[in-house]
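Observations on chain architecture
Letter by letter, the chains look like this.
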Amino acid sequence: MDSIATIGICFVPLILLTAILLAVCKKLTVGSALISILSGLAAIIPIAVIQFLVLSLPVFSSTKILSVFFTSILFNGLIEETIKMLMLMFIPGKKKDSLTFVICSLIAGFSIGTFETVVYMLMYGTDAIILRYATAVLIHTFCSGLSGLYVWSFKQKNQYIRPFISAVFIHGLYNFFAGFVFPLKIFSYVTIVYAVVRLKFSYDRLTNSESDDIITAHYDAG
């Protein structure tokens, strides 16, 4: 019973965040918010399968610093963010403005972070739940927002891929530094702050002070 109650508590932040965003963003519908949450749940399954298959290989189980860095960039960065990005494709976006779609992407990222936290809790206990919400869940959320910018631009028949590339490297660097002790571990927190800054910068560059309903003629695929 305690485990069930704890799992329920894990979803409270996701429910509160979604409710607040629904209240603040008038263009966000309950249906879109629900699809965003489900896309986060759907992403957990392939990530877990690939994690089980890939991370068991000797090259990924090495504790050498180059191997750890490579694993962080390849798995936590490229593989996880690619899966998340593909799941964001299921969120209807052709008729959404960029802000509303990014909000959906943030919900999806927070959702996957929440489901991942539940998995970790069942495996390792409840000791680090609050810390995970302040770190891992946030990096999932903001990196998902970056990927969402690319997905939205793709749905508008254009491509602004730099935010997705940023998400890959930011997530990878976060996991790399998160495995260290202080003071190097501080850099994992720096990546979270940078993810927020990069999301704001990429959003401003995408919209370029024009209407949120279109992508400007400027094409930036690099």
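Model, not experiment: these values are computed from the prediction.

This part takes up the confidence of the model for the chain. Of the residues in the chain, 87% reach a pLDDT of 70 or more, and the chain-wide mean stands at 86. Taken element by element, the chain is modelled with least confidence in helix 4 (residues 58-61), mean pLDDT 64, and with most confidence in helix 9 (residues 162-178), mean pLDDT 95. Below pLDDT 50 for its whole length, residues 209-222 participates in 31 contacts with residues either more than four positions away or in separate chains.

Moving on, we come to a nonpolar patch on the surface. Nonpolar side chains collect at one region of the surface, where Ile-9, Val-12, Leu-16, Ile-20 and Val-24 lie side by side and expose about 490 Å² of accessible area between them. Residue contributions to the nonpolar patch peak at four residues, all from helix 2 (residues 12-24).

The next thing to look at is the environment of Ala-33. Locating Ala-33 in the fold gives a position in helix 3 (residues 30-54). Remark: the alpha-carbon pair of Ala-33 and Ile-103, spanning 70 residues in sequence, is separated by 8.8 Å. Apart from the residues lying within four places of it in its own chain, the contact partners of Ala-33 are Thr-18, Leu-22, Leu-28 and Ile-107.

Take unusual backbone geometry next. Pro-183 follows Phe-182 through a cis peptide bond whose omega is 10°. The residue Pro-183 is located in the loop between helix 9 and helix 10 (186-207) in this model.

The next subject is helix 2. The first and last C-alpha atoms of helix 2 sit 18 Å apart over 13 residues, in line with the 18 Å expected at 1.5 Å per residue. Taken together, the buried positions of helix 2 are Leu-14, Thr-18 and Leu-21. Buried residues of helix 2, seen end-on, are gathered within an arc of 65° and therefore sit on one face of the element. Opposite the buried face of helix 2, by more than 90 degrees, sit the exposed residues Ile-15, Ile-20 and Val-24. On its buried face, helix 2 is in contact with helix 3 and helix 6 (98-124).

The next thing to look at is the pattern of salt bridges. Tallied over the entire structure, the rule returns four salt bridges. Among the ionic pairs, Asp-97 bridges to Lys-27, the shortest N-O distance being 3.0 Å. Of the two residues, Asp-97 sits in the loop between helix 5 (65-88) and helix 6 while Lys-27 sits in the loop between helix 2 and helix 3, which places them 70 residues apart along the sequence. The buried category is assigned to Asp-97, whose relative accessible area is 6%. Using a relative accessible area of 57% as the deciding quantity, one classes Lys-27 as exposed. Across the pair Asp-204 and Lys-200 runs a salt bridge, and its minimum N-O distance is 2.5 Å. Of this pair, Asp-204 and Lys-200 both sit in helix 10, four residues apart, which is roughly one turn of that helix.

Rules used in this analysis
Residues numbered from 1 in each chain as written. Predicted model: local features only at pLDDT ≥ 70, side-chain atom pairs only at ≥ 80, totals over all residues. Heavy atoms only, no water. pLDDT = per-residue confidence, 0-100. Helix = DSSP H or I, 4+ residues; strand = E, 2+ residues; numbered from the N terminus. Contact = heavy atoms within 4.5 Å. Patch = residues over 30% accessible without salt bridge, like charges linked within 9 Å, V, L, I, M, F, W, Y side chains within 5 Å. Areas by Shrake-Rupley, 256 points an atom, 1.4 Å probe, with all protein chains shown as cover. Salt bridge = Lys/Arg side-chain N within 4 Å of Asp/Glu carboxyl O. Expected span 1.5 Å × (residues − 1). Buried < 20%, exposed > 50% of the residue type's maximum accessible area, 1.4 Å probe, protein only. Arc of directions from axis to C-beta.

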